[in-house]
Structures are given as structure tokens and as C-alpha cells.
Amino acid sequence: MAYSPKPRKAKSRRKQQQLTQDLISDLSDCLLIHILSFLDARDAVRTCILSKRWINLWKTLSTIVILDYPNFDDRKYERFVYQILSLRDNSTDIHTLQLHPTFMKKRSHTLVSRILKYVFSHNVQRLLLDFQTLKPNCFSFSCSTLKSLKLTCGDFVFGVNTEFPNSLHFPALATLSLSYFTFTSNHDGCAEPFSTFNMLNTLIINQCVVLNEKNLCISNTRLENLSITMHRDNYPRTLFKIELCAPNLHTFSYIGNHISKLVCSKSIFSSIKQLLINVRCFDMYVGYSPIICNWLDEISNIESLTLDTYTLEVLSCFPDFLKLEPPSLLNLKSLKIETYRLSDVSEFDRTVDFLLQNSPLAKVEIILVGAFFISHDMLNLNNL
């Protein structure tokens, strides 16, 4: 009698079930919601078709990312946003909202007003908005939970700027980033838009202007980190003085095609420990070099200084630069030089030596932009 093997259907079925087991759906709700928080709103909503387990998960997301969807016209985009907000679980607070409908123009201010009213009523903590044009009354709300705000409202190419509202009430705001805004001056002829943010720690100003070339006053007692990026080519009104009234300022970064004059007390200058200057003002060597030197003279208590080779070129091209009194950077521990090509650094050896004449503790680090840094001990600048 011939041997006939037993059927292996049951064993094969169990093996197939193991291979097709949905491991992701076995995770807890909090882990799945965390995974969904890395998706934009449209992809997060699409997960509802996966299984019954996923139908309502997206509705409890505390992070909502709404991108620019090119296949949506204004009306479709607006309807999509309203549905997202109306269908979500209202008992869930919103931690972060990112909204980037950059192509919308006609009804963007109405949409933003409704969105802000909704998220502020749901205790939002982090808000990122990116629009071309907005009306100031879009921000006529107050929010006691908002800690981080990033607003981009304008266009660099076409010079579109939105007037920054002076009536914002965000008592918990710690981080503020603004791009393409116009600051208006008060009766003293000075724009002072940040004094009401009592908890502000970090301020980033990018391509903003001051109306009628008035001074920009940055007044805040808690401010520790300040970054300013200005480009004169597109915005002639960026030629204004900066008045600093920030006694706890620790880090200051300035990037642009010109350099503004600083006005502040000695105590504020002495509080700055890290300074970055990146200036590309090739048509104004003679005018801007003394301003940079004055900055280094005034902000003399710094421990870390970052310059790029363009800034070194501006300094070195100033007539009789090496005959000036070198800055007294006695506490300087690190001079970082940013460059796109290592071979460019050796051209400014004399300038670097001049800057460090009174800095016995300073070490030079070359930062190849997009790569890594090299310490002065590892690299002989004269042999580049």
C-alpha cells in the first residue's frame, strides 16, 4: 500500500495568517495617532479606509498639517479645511497647526480668521501660517496657550508685505518668527511691535520692513535669542536703525545685504555671548566696514563669533583696515568662519589675525557650508 502524506492545509493557513497579520493595527491608539501626526491632513484622513480600527483615529489628532494642494482650487481648498475642522473630535485640544495654502489669494483672510478662531478655542500651542496676503484683522484674537508662532505673509519677489498688527495678545508666547511684514511706528517715530510679549524668548525677523524708514525697537526683558535677516535689493525701506532693549539677550544673528546701526546700552551689548554676522554688501565696502568694526568694538564680551568669507571680504577691502585699533575680544573662545570653498579662507588670514590680536583664548574653526567643521589645529590656513 502506497504512503500518502497528510494534508498540510491547516499548517499552510496558519503560516499565511502569520505573514498577513496587521502588526501596525495591533499598536495602541496613542502610538497610531503619533504615527499619523507625521502625515499631512489629507493623507491622515485617507487612513480611515484601512479598517474599522482606523475610521476615527485621525479625528483625535492634536497635530494638523494642511499643505498646499495644487489640484484644489480656492473653493475646494476652503471646503476641505472646514470639513477637517468640523469632523474632528472637539474634545481633543490642538497642539500644532501648520497651514500652507500659498496659492490662495481671494478669500484667504476669511479662511484664516475662521481657522484661528477655532484653534484658539482648542488651546493651540504651536501655530505655523504661510500666506501671500492677509488683513491685519485676521489676528484680532487672543490666546493664552499659544507658545510658538511662525507667520509668513508676503512675497519676496514681488515685495508684498502685510502690516503687522500691534494688538496681538499672546501672554504665553515664547517663540516668534515673522517673514515679510511691515512694522508701523508709534507716535515717537519708532516701531516697537514686541514689547507686549512678556514671555518671548526667541525672535526671528526675516525680510521685514519698517514704514517710512523709522527705527525698529526690539524691547523685551526675557528675550535671549535674536535673528535678523535683511536684504536691501528688494526692500529699500530696510535701511533703518535697530534699537535693542533686551537685557538678557544671549545670541544675536544678523544676515543681509547691508548692516544696520545698533543702538543700545553697554549692559545689553555685554550680555551677548554668541554673535553671527553674515553680510554681502559688496557695493558698500567703505560704508559698512566701519559699522561691522563698531559692532565688534561694542559687543566685546562675546565668547563665540561666526563670520563668513563674504563678511571678511567686506572688512579686508576697507582702506587701511589693518591700521585700525583691533577689537578687544578678550573673552572670545571660538571664531567660526563659514565658507563654500576651503581655498577662499587663506585670502583672509591677515584679517583673521587682526581680529584675534586681543583674543588669547580663541580657536578658529572653518565651517564648510553643507559639510563639517575643521579646527584650526587640524588645518593650516596658510597652506590652503
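If you're wondering where the values come from, they're calculated on a predicted model, not measured in any experiment.

Draft legend 1. Geometry of the overall build of the chain. Scanning the chain from N- to C-terminus turns up nine helices and 20 strands. A buried classification covers 46% of the 384 residues belonging to the chain. In the chain, of all internal contacts separated by at least 6 residues, the share reaching a separation of at least 24 is 69%. For the chain, the computed accessible surface area is about 20,000 Å², with 53% contributed by carbon and sulfur atoms.

Draft legend 2. Spotlight on a nonpolar patch on the surface. Residues Ile-24, Leu-27, Leu-31 and Ile-35 make up a contiguous nonpolar surface patch of roughly 320 Å² in combined accessible area. Along the chain, Ile-35 turns up in helix 2 (residues 29-36). In this structure Ile-35 comes out as partly exposed when scored by relative accessible area, which is 42%.

Draft legend 3. Summary view of the sheet that holds strand 11 (residues 215-219). The four strands lie next to each other as 8-11-13-15, forming an open sheet whose pairing is parallel. The sheet is open, and its two borders are formed by strand 8 (190-191) and strand 15 (262-263), each paired with just one other strand. Bridge analysis of strand 13 (residues 242-245) against strand 15 gives two bridges, and the strand direction is parallel. Paired with Glu-243 across the bridge in strand 15 is Val-263.

Draft legend 4. Looking closely at the pattern of salt bridges. This model, assessed by the stated rule, comprises three salt bridges. A salt bridge links Arg-53 to Asp-29; the nearest nitrogen and oxygen atoms lie 2.6 Å apart. Remark: Asp-29 occurs in helix 2 and Arg-53 occurs in the loop between helix 3 (41-46) and strand 1 (63-66); sequence separation between them is 24 residues. A relative accessible area of 40% means that Asp-29 is categorised as partly exposed. Salt-bridge contacts for Asp-344 lead to Arg-341; the nearest nitrogen and oxygen are separated by 3.0 Å. By relative accessible area, which is 15% here, Asp-344 ends up buried.

Draft legend 5. Here's a closer look at the packing of aromatic side chains. Per the counting criterion, the structure on display carries 11 aromatic pairs. Consider the rings of Phe-164 and Phe-181, whose centres lie 5.6 Å apart with planes at 90°: the pair is edge-to-face. With Phe-164 in the loop between strand 5 (160-163) and strand 6 (175-179) and Phe-181 in strand 7 (residues 181-183), this pair connects stretches of sequence that are 17 residues apart. Both residues of the pair, Phe-164 and Phe-181, belong to the buried class.

Draft legend 6. Broad picture of the side chain of Thr-63. Tracing the chain through its elements places Thr-63 in strand 1. When its relative accessible area of 17% is taken as the criterion, Thr-63 is described as buried. Once residues lying within four places of it in the same chain are set aside, the contact partners of Thr-63 are Ser-37 and Thr-96.

Draft legend 7. Up close: the environment of Tyr-310. By the element assignment, Tyr-310 lies in helix 8 (residues 309-316). Considering only alpha carbons, one finds Tyr-310 and Arg-280, 30 residues apart in sequence, at a separation of 5.9 Å.

Draft legend 8. Structural context of the pairing of strand 12 (residues 225-230). Counting buried positions along strand 12 yields five of six residues, so the element is predominantly enclosed. In terms of strand pairing, strand 9 (residues 202-206) meets strand 12 through five bridges, oriented parallel. If you follow Leu-203 over to strand 12, its bridge partner there is Leu-226. The pairing of strand 12 with strand 14 (residues 251-256) spans six bridges and is parallel. Residue pairing across strands places Asn-225 opposite Thr-251, the latter belonging to strand 14.

Reading the values: rules and limits
- Residues numbered from 1 in each chain as written.
- Predicted model: local features only at pLDDT ≥ 70, side-chain atom pairs only at ≥ 80, totals over all residues.
- Heavy atoms only, no water.
- Helix = DSSP H or I, 4+ residues; strand = E, 2+ residues; numbered from the N terminus.
- Buried < 20%, exposed > 50% of the residue type's maximum accessible area, 1.4 Å probe, protein only.
- Contact = heavy atoms within 4.5 Å.
- Areas by Shrake-Rupley, 256 points an atom, 1.4 Å probe, with all protein chains shown as cover.
- Patch = residues over 30% accessible without salt bridge, like charges linked within 9 Å, V, L, I, M, F, W, Y side chains within 5 Å.
- Salt bridge = Lys/Arg side-chain N within 4 Å of Asp/Glu carboxyl O.
- Pairing = 2+ DSSP bridges.
- Phe/Tyr/Trp six-rings, centres within 6.5 Å; stacked < 30°, edge-to-face > 60°.

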